[in-house]
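Take a look at the letters that make up each chain.
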Amino acid sequence: MPMYHITHRWPGEDDVIAAKEAADFFSKVSLPEGFEFVASYNFNGGSHTIWRAPSREELERFLKTIDAPIFKKNMEITEVVQSYPPTVEYTVRLWYWLHSLGRK
């Protein structure tokens, strides 16, 4: 299943609101079938979250249902693959990359 890295950024004056949104999310969330919240990393003025979801479009649709305007305001979603320890997805992408280099 694809994995996604989401960067959330907000101005410092919204830190308290962002903390409340995070507390509400974690205390009330019910993930749809096929979704997994993998990790969350926080920094001053934002956070990084890692998700597994059937597709980017389905993840975006799910996130729209959450009442968290600060987290959604400046949000960037990037599809990622785990490179260490190597996963099957990473190995397949590496093979495709090597194949594309051989055609040049």
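Above this text sits the structure in question.
What you are looking at is a predicted structure, and each value in this text was computed from that prediction instead of being measured. (Residues numbered from 1 in each chain as written. Predicted model: local features only at pLDDT ≥ 70, side-chain atom pairs only at ≥ 80, totals over all residues. Heavy atoms only, no water.)

(A) Highlighting the pairing of strand E1 (residues 3–9). Most of E1 sits out of view: six of its seven residues are buried. Across seven bridges, the pairing between E1 and strand E3 (residues 46–52) is antiparallel. Residue pairing in the sheet places Arg9 in a bridge with Gly46 of E3. Where E1 and strand E4 (residues 74–80) come together, seven bridges link them in antiparallel fashion. Counterpart to His8 in the pairing with E4 is Met75. (Buried < 20%, exposed > 50% of the residue type's maximum accessible area, 1.4 Å probe, protein only. Helix = DSSP H or I, 4+ residues; strand = E, 2+ residues; numbered from the N terminus. Pairing = 2+ DSSP bridges.)

(B) Local environment of the nonpolar core. One finds Ile6, Trp51, Leu59, Phe62, Leu63, Ile66 and Ile77 to be the most contacted residues of the largest nonpolar core, which totals 16 residues. Mapped onto this core, the elements with two or more residues apiece are E1, helix H1 (15–28), helix H2 (56–64) and helix H3 (69–73). In terms of residue count, the dominant contributor to this core is H2 (three residues). If near-sequence neighbours (up to four positions away) are discounted, Phe62 is found in contact with Val29, Ser30, Leu31, Pro32, Phe35 and Trp51. (Core = buried A, V, L, I, M, F, W, Y, C linked by side-chain atoms within 4.5 Å. Contact = heavy atoms within 4.5 Å.)

(C) The arrangement of the environment of Leu63 in detail. Within the element layout of this structure, Leu63 appears in helix H2. Looking at Leu63, the relative accessible area reads 7%, which means it is buried. Spatially, the C-alpha atom of Leu63 lies 10 Å from that of Met75, the residues being 12 residues apart in sequence.

(D) A look at the pairing of strand E2 (residues 36–43). Bridge count between E2 and E3: seven bridges; the pairing is antiparallel. Opposite Asn42, over in E3, you have Ser47 as the bridge partner. Two successive antiparallel strands, E2 and E3, enclose a turn made up of two residues, where Gly45 displays a positive phi of approximately 90 degrees.

(E) Geometry of the sheet that holds E4. The four strands are arranged E2-E3-E1-E4 in an open sheet whose pairing can be described as antiparallel. Looking along the sheet, the strands with just one partner apiece sit at the ends: E2 and E4. Adjacent strand axes in the sheet meet at a mean angle of 20 degrees when their direction is disregarded. (Axes fitted to C-alpha atoms, helices over the stretch in contact; angles between N-to-C directions.)

(F) A look at the pattern of salt bridges. Enumeration over the complete set of coordinates arrives at four salt bridges. Between Asp24 and Lys20 there is a salt bridge, with its nearest N and O atoms 2.8 Å apart. Residue Asp24 and its partner Lys20 are both found in helix H1; the two are separated by four residues, about one turn of the helix. Residue classification places Asp24 among the partly exposed residues on the basis of a relative accessible area of 24%. The residue Arg93 makes a salt bridge to Glu79 at a minimum N-O spacing of 2.9 Å. With Arg93 in helix H4 (residues 88–102) and Glu79 in strand E4, this residue pair connects regions lying 14 residues apart in the sequence. Judged by relative accessible area, which is 40%, Arg93 ranks as partly exposed. (Salt bridge = Lys/Arg side-chain N within 4 Å of Asp/Glu carboxyl O.)

Scope: geometric values only; no functional claims are made or implied.
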